[in-house]
Amino acid sequence: MKGMIRQTLKKVTLELVYQVVDERTTEIVSEIKEIKKRQEDDFRYLIQKIDTDIGQLRSEVKNEIGQLKNEIGQLRNEVKGEISQLRTEIGAMNQRIDTVIQMLMTFKQG
């Protein structure tokens, strides 16, 4: 009789332990699924944020490059203008030098 009671108690105890383990396992699995879902949501958010930030950076870089191109174009025009002015001044100086040389030749002959 004691043996039957012990065996029954062991069986009931084991069933209670299994039930508690099953309940706790279900809770843990549920928590893990919830954590995975949050993690996936966070990764999606981060990927979207990174894509948005990269898009903004590309746009800003594109604008900066456009501004630099404009400034380089302006500088080129300024340099071309100054080169043209220098050529004009050199041409005028060459005419003066020619005039001086002609005057010297005239003085030498006369």
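Note that the coordinates shown come from a computational prediction; the quantities given were computed from them, not determined experimentally.

Side note on the overall build of the protein chain
A count of helices and strands for the protein chain gives 1 helix and 0 strands. The principal-axis extent of the C-alpha atoms belonging to the protein chain is close to 160 × 20 × 5 Å. In the protein chain, which comprises 110 residues, the proportion classed as buried is 0%. When the accessible area of the protein chain is evaluated, it comes to approximately 11,000 Å², of which 60% is carbon and sulfur surface. Each charge class in the protein chain was averaged separately, 19 positive and 18 negative side chains, and the resulting centres sit 6 Å apart.

Topic: the pattern of salt bridges
Summed over all chains, the structure comprises 6 salt bridges. Taking the shortest distance from any N to any O, the salt bridge between Arg-44 and Asp-41 comes out at 3.0 Å. Pair noted here: Arg-44 and Asp-41 are both in helix α1 (residues 2-109), with a separation of 3 residues, about one helical turn. The partner of Asp-53 in a salt bridge is Lys-49, with the nearest N and O atoms 3.5 Å apart. With Asp-53 and Lys-49 both in helix α1 and 4 residues apart, this pair spans about one turn of that helix. Accessibility expressed as a relative area gives 40% for Lys-49, which makes it partly exposed. Several salt bridges share partner residues, and in doing so they unite Lys-37, Glu-40, Asp-41 and Arg-44 into one network.

A look at a nonpolar patch on the surface
On the surface, Phe-43, Tyr-45, Leu-46, Ile-47, Ile-50 and Ile-54 cluster together into a nonpolar patch covering about 590 Å² of accessible area. Counting through the fold element by element, Leu-46 comes out in helix α1. According to the relative accessible area criterion, Leu-46 is partly exposed, its value standing at 44%.

As for the environment of Phe-107
Looking at the element boundaries, Phe-107 is found in helix α1. Residue Phe-107 is classed as exposed on the basis of its relative accessible area of 62%. Considered as a pair, Phe-107 and Glu-89 are 18 residues apart in the sequence and their alpha carbons are 27 Å apart.

Thresholds, definitions, all that
Residues numbered from 1 in each chain as written. Predicted model: local features only at pLDDT ≥ 70, side-chain atom pairs only at ≥ 80, totals over all residues. Heavy atoms only, no water. Helix = DSSP H or I, 4+ residues; strand = E, 2+ residues; numbered from the N terminus. Buried < 20%, exposed > 50% of the residue type's maximum accessible area, 1.4 Å probe, protein only. Areas by Shrake-Rupley, 256 points an atom, 1.4 Å probe, with all protein chains shown as cover. Lys, Arg positive; Asp, Glu negative; His and termini not counted. Charge placed at Lys NZ, Arg CZ, Asp CG, Glu CD. Salt bridge = Lys/Arg side-chain N within 4 Å of Asp/Glu carboxyl O. Patch = residues over 30% accessible without salt bridge, like charges linked within 9 Å, V, L, I, M, F, W, Y side chains within 5 Å.

Geometry only, nothing functional implied.
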